[in-house]
Amino acid sequence: MKKLHIVGLLIIAVAIGVIFISLNNTSSYADFSKAANNPEDEFHVVGKLDKTQPQIYEPQINPDEFSFTMTDNNGLAKRVVLHKSKPQDFEKSEQIVLIGKMKSDVFHANDILMKCPSKYNDGKNQLN
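Quantities reported herein were computed from a predicted structural model and do not represent experimental measurements.

Q: I'd love a proper account of the nonpolar core, names of residues and values included.
A: Across soluble globular proteins, nonpolar side chains have a tendency to be buried as a group. Ranked by size, the top nonpolar core spans 18 residues in total, and within it Phe68, Met70, Val80, Ile96, Leu98 and Phe107 carry the most contacts. Residue contacts for Ile96: discarding those within four places in its chain leaves Val45, Val46, Gly47, Lys48, Leu49, Phe68, Met70, Phe90, Ile112 and Leu113.

This is the structure in structure tokens:
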């Protein structure tokens with residue numbers, strides 16, 4: 001075999017290894033119950049902000065910690081600690097996706113995705 005063929009095969013083997021490693025590190029969608037049963041795994045948890053519970057953000061003490069209560073799609077409410085600053089227009093979000101792990105009875109999120117209300121209704125512009 002030529003050296004070029006050997007190098008090509010090595011590159012392909014490394015690429016396949018990288019793909020398998022990245023597939024193992026991906027998180028999946030779950031609810032708080034599944035996240036609590038698998039505290040070592042990272043999950044995406046979808047839910048809504050519980051506006052009846054307090055939100056705690058004290059940037060003068062820790063600007064990278066924001067806590068609130070979220071109810072998942074199965075109706076289970078849990079305390080959430082987001083290890084980032086409080087997102088802008090957080091209270092206006094219709095739906096929240098948290099990415100993180102459950103520790104004890106608190107979900108520790110390292111990232112958040114928010115679906116905010118649209119300024120359009122049924123595809124019609126509401127500027128009138």
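Q: Before we move on, could you go through the pattern of salt bridges and cite the residues and values that matter?
A: A full pass over the atoms with the stated rule returns four salt bridges. For Lys78, the salt bridge is made with Asp105, and the minimal N-O distance between the two is 2.4 Å. Of the two residues, Lys78 is situated in strand E5 (residues 77–82) and Asp105 in the loop between strand E6 (95–103) and strand E7 (106–115); the sequence distance between them amounts to 27 residues. Note that Asp111 and Lys84 form a salt bridge whose closest N and O atoms lie 3.0 Å from each other. With Asp111 in strand E7 and Lys84 in the loop between E5 and E6, this residue pair connects regions lying 27 residues apart in the sequence.

Q: Help me get a handle on a nonpolar patch on the surface, residues and values and all.
A: Together, Met1, Ile6, Leu9, Leu10, Ile12, Ile16 and Phe20 make up an exposed nonpolar region whose accessible area comes to about 760 Å². A relative accessible area of 53% means that Leu10 is categorised as exposed.

Conventions used here
- In this convention, every chain numbers its residues from 1, walking through the sequence in written order.
- At least 70 in pLDDT is required for a residue's local features to be given in this predicted model, at least 80 for side-chain atom pairs to be given and counted, and no such filter applies to totals for whole chains, interfaces and linings, which use all residues.
- Just so you know, side-chain values use all the structure's heavy atoms and leave hydrogens and water out.
- Among the buried residues, those of types Ala, Val, Leu, Ile, Met, Phe, Trp, Tyr and Cys that are joined through side-chain atoms within 4.5 Å form a nonpolar core.
- Exposure categories follow from relative accessible area, calculated using a 1.4 Å probe and restricted to protein chains: below 20% of the type maximum is buried, above 50% is exposed, and the middle band is partly exposed.
- In what follows, a contact means two residues having at least one pair of non-hydrogen atoms within 4.5 Å.
- Just to be clear on terms, a salt bridge is a Lys or Arg side-chain nitrogen sitting within 4 Å of an Asp or Glu carboxyl oxygen.
- Strands are runs of DSSP state E lasting at least 2 residues, helices are runs of H or I lasting at least 4, and numbering of each runs from the N terminus.
- Candidates for patches are residues over 30% relative accessible area with no salt bridge; among them, like charges are joined within 9 Å and nonpolar side chains (Val, Leu, Ile, Met, Phe, Trp, Tyr) within 5 Å.
- Per-residue accessibility takes into account occlusion by the displayed protein chains alone, with areas from the Shrake-Rupley method and a 1.4 Å probe.

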